[in-house]
Amino acid sequence: MSPLLKLCGNHSYEDTEIALLSRADYVGFVFAESKRQVTREQVKEWLSRHHGKSRAKIVALFVNASAEQIAATVDGLPIDIIQCHGAETPEQVKEIKKQTGLPVWKVIHHNENALQEMEAYEGIVSGYVVDCKVGKQWGGTGVSFDWNYVPRYITEGRRQKVPVLIAGGIRPENVGELMRYQPDGIDVSSGIEQGGRKSRALVEQLEERMNNHGSDLSR
Ligand SMILES: O=C(O)c1ccccc1N[C@@H]1O[C@H](COP(=O)(O)O)[C@@H](O)[C@H]1O
């Protein structure tokens, strides 16, 4: 089965259309401070203008926002999942779930204690995204961590019975290599952008290489 695909960091109507018309399972918006930051009004308008039938779930990404801020932001928006991309504690995640009534994915930044960090969220989160932190940047960096560690994260996710998506620097040129580690899913932002905007051609290349990575291996 093909891994789950999340296309994140959409920050215009055109980006949103490209993501919704792709085979993405999840379409994400960054509400945190970023060059991709969006407002609730923009997201509401872009999603309401889409008349196609997308089965994608909508993910709202925050970095160290309070439960109150998150609840106020997503109120009235068709959000399916909250992605906490900062240093939110298990207690804070519980509060975010309580105040929004939505499932939460926790981002774990790859480091030597990352597996222990995951254990602390067991039974609280509905999924993980493993990314890497670069300096003070929490994500959207276009930088990958060492994918030899991917199987350990997947194993921990299986033990907790939740999906683990891999993020950070995934592009059409390297997605085939990542597929060898059989992640539950991938989360892509900068790798499908050209000139700061989502590119339909790059999304199609990414999907094509996700599907056909097996043929690369046999060469
Ligand atoms: O995209 C951003 O600007 C961003 C800002 C703050 C936190 C996370 C952000 N993006 C997320 O980071 C991962 C990996 O992104 P990339 O593919 O390496 O560019 C993904 O979940 C982005 O949505």
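In what follows, the accompanying structure is described. Since this is a predicted model, take the numbers as computed values, not measurements. (Residues numbered from 1 in each chain as written. Predicted model: local features only at pLDDT ≥ 70, side-chain atom pairs only at ≥ 80, totals over all residues. Heavy atoms only, no water.)

**Things to note about the overall build of the chain**
Helix and strand counts for the chain stand at nine helices and 10 strands. Taken over C-alpha atoms, the radius of gyration comes to 16 Å for the chain, in line with the 17 Å a tight globule of 219 residues would show. Principal-axis analysis of the C-alpha atoms places the extent of the chain at approximately 55 × 40 × 30 Å. The proportion of buried residues among the 219 residues of the chain is 52%. Counted over contacts in the chain with a minimum sequence separation of 6, partners at least 24 positions apart contribute 56%. (Helix = DSSP H or I, 4+ residues; strand = E, 2+ residues; numbered from the N terminus. Rg over C-alpha atoms; globule rule 2.2 N^0.38 Å. Buried < 20%, exposed > 50% of the residue type's maximum accessible area, 1.4 Å probe, protein only. Contact = heavy atoms within 4.5 Å.)

**Structural notes on the packing of helix α3 (residues 67–74) against helix α4 (residues 90–100)**
Where α3 meets α4, the axes come as close as 9 Å, and the angle between the chain directions of the two elements is 35°. Judged by the sense of rotation from one axis to the other, the crossing of α3 with α4 is right-handed. Every residue of α4 that contacts α3 at A67, E68, I70, A71 and V74 is listed here: E95, I96, Q99 and T100. In the contact of α3 with α4, the residues fall into five nonpolar, two polar and two charged. (Axes fitted to C-alpha atoms, helices over the stretch in contact; angles between N-to-C directions. Left-handed = near helix turned anticlockwise from the far one by under 90°. Nonpolar A, V, L, I, M, F, W, Y, C, P; charged D, E, K, R; others polar.)

**Overview of α3**
When we look at burial in α3, the residues that qualify are A67, I70, A71, T73 and V74. In an axial view of α3, the angular spread of the buried residues amounts to 165°, which keeps them on one side of the axis. Positioned one or two residues after α3, G76 has a phi angle of 85°, which is positive. (Arc of directions from axis to C-beta.)

**Topic: the pairing of strand β2 (residues 26–30)**
Burial analysis of β2 places five of its five residues in the buried class, the great majority of the element. Across two bridges, strand β1 (residues 4–7) lies against β2 in parallel orientation. What sits directly across from L7, in β2, is V27. For the handedness criterion, the β-α-β arrangement of β1, helix α1 (residues 13–20) and β2 is classed as right-handed. Pairing analysis gives five bridges linking β2 to strand β3 (residues 57–62), with the strands arranged parallel. Following the sheet pairing, Y26 is matched in β3 by K57. Between the parallel pair β2 and β3, the chain is carried across by helix α2 (residues 40–49), and the sense of this crossover is right-handed. (Pairing = 2+ DSSP bridges. Right-handed = clockwise from strand over helix to strand, strands pointing away.)

**Description of the pairing of strand β8 (residues 185–188)**
Neither face of β8 is open: one carries G185 and D187, the other I186 and V188, and all of them are buried. As paired elements, β1 and β8 share four bridges and run parallel to each other. Looking across to β8, one finds that L5 is bridged to I186. For strand β7 (residues 164–167) and β8, the ladder comprises three bridges, and the chain directions are parallel.

**Let's talk about the nonpolar core**
In terms of nonpolar packing, the biggest core is built from 58 residues, with L7, F29, I82, I166, I170, I186 and L206 touching the most fellow members. When residues no more than four places from it in sequence are discounted, the contact partners of I82 are A60, F62, I70, V74, I96, T100, L102, P103, V104 and W105. Membership of the second largest hydrophobic core comes to eight residues, among which are Y26, V59, V107 and V129. (Core = buried A, V, L, I, M, F, W, Y, C linked by side-chain atoms within 4.5 Å.)

**Quick notes on the side chain of D15**
Its place among the elements puts D15 in helix α1. Engagement of the side chain of D15 in a polar contact is seen with the backbone nitrogen of K198, the distance being 2.9 Å. Dropping the residues within four chain positions of it, D15 is found in contact with G9, N10, R197 and K198. (Polar contact = N/O pair within 3.5 Å; in protein donor to acceptor, adjacent residues only side chain to side chain.)

**Observations concerning the packing of aromatic side chains**
Tallied over the entire structure, the rule returns four aromatic pairs. A centroid spacing of 4.7 Å and a plane angle of 70° characterise the contact between Y26 and W105, whose relative ring orientation is edge-to-face. Of this pair, Y26 sits in strand β2 while W105 sits in strand β5 (residues 104–109), and the two are 79 residues apart along the sequence. Judged by relative accessible area, W105 falls into the buried class, the value being 2%. (Phe/Tyr/Trp six-rings, centres within 6.5 Å; stacked < 30°, edge-to-face > 60°.)

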